[in-house]
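# Coordinate inspection notes
Here's the letter readout for the chains.
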Amino acid sequence: SMIVRKGIPLVKKGDTVEEGQILVSGAVPVVGDDGETTGYQYQKADADIRARTILEYEDTENVQYPEKIYYDFQQAEPYLQIGNLYLNSGKSDKISDQAEIYTLEKNFSFGEHFSIPVRIGSRISRYYYIEQKKHTGKGLQKILSMNYQHFTETLGKKGVEIIQNDVKIYTGSETYSAKGTLKVRCSVGKQVPSTPLPPDYIAEDDTKNGD
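Summarised in this report is the structure supplied together with it. (Residues numbered from 1 in each chain as written. Predicted model: local features only at pLDDT ≥ 70, side-chain atom pairs only at ≥ 80, totals over all residues. Heavy atoms only, no water.)

## A few points about the overall build of the chain
- A tally of helices and strands in the chain yields one helix and 13 strands.
- Of the regular secondary structure in the chain, the N- to C-terminal order runs β-β-β-β-β-β-β-β-β-β-β-α-β-β.
- Put simply, the chain has 211 residues, and 18% of those count as buried.
- The long-range share in the chain, meaning contacts at least 24 apart out of those at least 6 apart in sequence, stands at 61%. (Helix = DSSP H or I, 4+ residues; strand = E, 2+ residues; numbered from the N terminus. Buried < 20%, exposed > 50% of the residue type's maximum accessible area, 1.4 Å probe, protein only. Contact = heavy atoms within 4.5 Å.)

Below you can see the structure in the form of structure tokens.
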């Protein structure tokens, strides 16, 4: 389907087109009294175009996956900051290089409109180690199905209509995959610079100085 507001359509409904093909031209012919094209006026082409096309889909999940296993305790390190001066307890018993760190902090102020740069808080480290685990077959199929559902929902928000779905799940010893094709109807086309004037067209100014 095509709704052309500005420009000259170069294709019509039902045509098969390819990527990179000009669909609407911004070069509008200027026709003389004799019916011959004497030149072109350029304008910014404007059109709404929708077409049927094929999208390829592929998503792969590993059977093995890393999982964080947290230790039973957290480590807190109190600190005091006055301006650029930073003081802490100096106590840090690291049990692992892998940690999630977050801060609890309070600012001191007097009244509503005056504050002094004094902060007291605690830097909390939550340590963990990585353990390799395995998904079940049903678990992997569920993950792939949810990923595909999210993908199609995103397409829908962009105005893409799914006409036919040919996506299947393939199982393996190390990976599970969902792949296939989707036949869709969607908006197509992007604005590009207009094509140059035809080589047989000579503007009046081009004949000056023997050019």
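## Remarks on helix 1 (residues 137-157)
- Its 21 residues place the ends of helix 1 31 Å apart at the C-alpha level, agreeing with the 30 Å of an ideal helix rising 1.5 Å per residue.
- Taken as a whole, helix 1 has its buried residues at L140, L144, Y148, T152 and L155. Taken end-on, helix 1 shows its buried residues confined to a sector of 105°, consistent with a single buried face. Away from its buried face by more than 90 degrees, helix 1 exposes K138, K142, M146, H150 and K157.
- The secondary structure elements touched by the buried residues of helix 1 are strand 6 (46-62), strand 12 (161-171) and strand 13 (175-187).
- Immediately downstream of helix 1, the backbone of G159 shows phi near 85°, a positive value. (Expected span 1.5 Å × (residues − 1). Arc of directions from axis to C-beta.)

## Let's talk about the layout of surface pockets
- By volume, the largest pocket amounts to about 1,300 Å³.
- The set of elements that each furnish at least two residues to the lining of the largest pocket consists of strand 3 (24-25), strand 6 and strand 13.
- Among the elements that take part in the lining of the largest pocket, strand 6 stands out by supplying eight residues, more than any other.
- In terms of residue class, the lining of the largest pocket is built from 13 nonpolar, 14 polar and 12 charged. (1 Å grid on protein atoms, 1.4 Å probe; cavity = no way out; pocket = protein on both sides within 12 Å on 5 of 7 lines; lining within 4 Å. Points joined across faces, edges and corners; volume = space filled by probe spheres on them. Nonpolar A, V, L, I, M, F, W, Y, C, P; charged D, E, K, R; others polar.)

## Considering the packing of aromatic side chains
- As enumerated under the stated definition, the model contains five aromatic pairs in all.
- Within the aromatic cluster, the residues linked to one another by ring pairs are Y57, Y148 and F151.
- In this arrangement the basic side chain of R126 is found over the ring face of Y70, its NZ or CZ atom lying 3.8 Å from the centre.
- The cationic tip of K179 hangs over the ring face of Y170; the distance from NZ or CZ to the ring centre is 5.4 Å. (Phe/Tyr/Trp six-rings, centres within 6.5 Å; stacked < 30°, edge-to-face > 60°. Lys NZ or Arg CZ within 6 Å of the ring centre and 35° of its normal.)

## Some thoughts on the side chain of S25
- Examined against the element boundaries, S25 turns out to sit in strand 3.
- Assessed through its relative accessible area of 12%, S25 is described here as buried.
- One polar contact links the side chain of S25 to the main-chain amide nitrogen of A27, over a distance of 3.1 Å.
- In this structure, S25 is in contact with G7, I8, L10 and A45, ignoring residues within four places of it in sequence. (Polar contact = N/O pair within 3.5 Å; in protein donor to acceptor, adjacent residues only side chain to side chain.)

## Here's the deal with the sheet that holds strand 13
- Pairing in this open sheet of four strands is antiparallel, and the strands run 1-6-13-12 from one edge to the other. Every other strand in the sheet has two partners, leaving strand 1 (2-6) and strand 12 as the edge strands with one partner each. Taking each pair of neighbouring strands and ignoring which way they run, the sheet shows an average axis angle of 25°.
- On the sheet, helix 1 packs against strand 6, strand 12 and strand 13 and is oriented at approximately 165° with respect to strand 6. (Pairing = 2+ DSSP bridges. Axes fitted to C-alpha atoms, helices over the stretch in contact; angles between N-to-C directions.)

## Here we look at the nonpolar core
- Of all hydrophobic cores here, the largest spans 13 residues; its most connected members are V167 and L182.
- Non-local contacts of L182, meaning those with residues more than four positions away in its chain, are made with T53, I54, L55, Y148, F151, L155, I162, Q164, N165 and V167. (Core = buried A, V, L, I, M, F, W, Y, C linked by side-chain atoms within 4.5 Å.)

## Quick look at the pairing of strand 6
- Across four bridges, strand 1 lies against strand 6 in antiparallel orientation. Bridged to V4 within strand 6 is A47.
- By the bridge criterion, 13 bridges tie strand 6 to strand 13 in an arrangement that is antiparallel. Across the sheet, the residue bridging to I54 is K183, located in strand 13.

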